[in-house]
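Listed below are the residues making up each chain.
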Amino acid sequence: MNDFLIGIGKRLKDIRKKNNLTINELAFKANVSNGLVSRIENGRTIPSLPVLLDLIQSLEIDASYFFEGVEKKSNAKFIYVPKESQQIIEKEVEAEGFKYMHIFSKSLHSLGFEAVLLTLEPNSKREKVITDAWEFKYILKGEVKYVIDNEEVVLKEGDSLYFNGKFPHVPVSISNESCVMLVLYFYTA
């Protein structure tokens, strides 16, 4: 079942965009907040079953069609993801200067896992966010200040950071150069 949970947000976003619906329109039809739809689509939270069913109904599709596009469990010995299948994702509509490249997501046993490359441009802006994951950051290039709850830490190339995403957090650009980091999200069932 965990494999379904990892792909729900991506599937929701794909169908919403295919139906030419904005986040606002889908949220209104499902009687939920815009923020909740955004967090679900961006993998920051997993919806309750009633909310998920309301969203699926608001997309005017069958639940069976919705789950056709969500990853299913595999008994493969390894997982290969070619570069061509990686895609740019938009995690926060309001964020400026944040570019996420989705490179991998999978659920293994009771652990869900997602990996992205985040490029943080100089003068980028975003509010603090909360996720339902433990987050690991590894700085590949540049430097950044991370604000977690009310604490700050400066990270430079080669540094790493691991924290509970349930604390409000945001990376803050502190340089005239882009910062590139590997971001790993760990979701537990």
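The structure presented is a predicted model; accordingly, all values stated were derived computationally and were not measured. Within each chain, residues carry numbers counting from 1 in the order of the written sequence. With pLDDT at 70 or above as the cut-off, local features in this predicted model cover only qualifying residues; side-chain atom pairs require 80 or more to be listed or tallied, and sums for whole chains, interfaces and linings still use all residues. Processing note: side-chain calculations cover all non-hydrogen atoms of the structure and skip hydrogens and water entirely.

Trainee: Explain the sheet that holds strand E8 (residues 169–173) to me, using residue names and the numbers behind them.
Mentor: Strand pairing requires that DSSP identify at least two bridges connecting the strands. A run of DSSP states H or I qualifies as a helix once it reaches four residues; a run of E qualifies as a strand once it reaches two. Both are numbered from the N-terminal end. Here three strands make up an open sheet; going across it, the order is E6-E5-E8 and the pairing antiparallel. Looking at which strands have only one partner, the edges of the open sheet turn out to be strand E6 (151–156) and E8. For this sheet, the mean inter-axis angle between neighbouring strands, taken without regard to orientation, is 25 degrees. To get an axis, a line is fitted to the C-alpha atoms, and for a helix only the part in contact is used. The angle between two axes follows their N-to-C directions and goes from 0 to 180 degrees.

Trainee: Explain the environment of Leu161 to me, using residue names and the numbers behind them.
Mentor: With respect to the helices, strands and loops of the structure, Leu161 is situated in strand E7 (residues 160–164). C-alpha separation for the pair Leu161 and Tyr146, spaced 15 residues apart in sequence, amounts to 9.0 Å. In this analysis, two residues are considered to be in contact whenever any of their non-hydrogen atoms come within 4.5 Å of each other. Leave out the neighbours within four places in its chain, and Leu161 touches Glu135, Phe136, Lys137, Tyr146, Ile148, Val153 and Leu155.

Trainee: Any chance you could break down unusual backbone geometry for me, citing the residues and the numbers?
Mentor: In this structure, Asn31 is a non-glycine residue whose phi angle is positive, near 60 degrees. Counting through the fold element by element, Asn31 comes out in the loop between helix H2 (23–30) and helix H3 (34–41). In the Ramachandran plot, Asn123 falls in the positive-phi region, its phi being about 65 degrees despite a non-glycine side chain. Note that Asn123 resides in strand E3 (residues 111–125).

Trainee: If you had to explain the pattern of salt bridges to someone new, which residues and values would you point to?
Mentor: Criterion for a salt bridge: a side-chain nitrogen of Lys or Arg within 4 Å of a carboxyl oxygen of Asp or Glu. Taken as a whole, this structure holds four salt bridges when the rule is applied. Linking Glu60 and Lys29 is a salt bridge whose minimum nitrogen-to-oxygen distance equals 3.3 Å. Placement of Glu60 in the loop between helix H4 (49–58) and helix H5 (63–68) and of Lys29 in helix H2 is noted, with a sequence separation of 31 residues between them.

Trainee: Break down the environment of Asp54 for me, citing the residues and quoting the values.
Mentor: Structurally, Asp54 is set in helix H4. The classification of residues rests on relative accessible area computed with a 1.4 Å probe and restricted to protein chains. Under 20% of the type maximum is buried, over 50% is exposed, and intermediate values are partly exposed. Judged by its relative accessible area of 35%, Asp54 falls in the partly exposed class.

Trainee: I'd like to hear about the packing of H2 against H3, residue by residue, with values.
Mentor: For the pair H2 and H3, interaxial distance at closest approach is 8 Å and the crossing angle is 110 degrees. When the axes of H2 and H3 are compared, the pair comes out roughly perpendicular. Handedness of the crossing formed by H2 with H3: right-handed. Residue-level inspection shows Ile23, Asn24, Leu26 and Ala27 of H2 in contact with H3, the latter providing Asn34, Val37, Ser38 and Glu41. Polar here means any residue outside two lists: the nonpolar Ala, Val, Leu, Ile, Met, Phe, Trp, Tyr, Cys and Pro, and the charged Asp, Glu, Lys and Arg; Gly therefore counts as polar. When the residues that make up the contact of H2 with H3 are grouped by side-chain class, the tally is four nonpolar, three polar and one charged. Each angle is binned into one of four classes, with values under 35 degrees roughly parallel, values over 145 roughly antiparallel, values of 65 to 115 roughly perpendicular, and all other values oblique. Note: crossing handedness is left-handed where the near helix turns anticlockwise from the far helix by less than a right angle, and right-handed where it turns clockwise.

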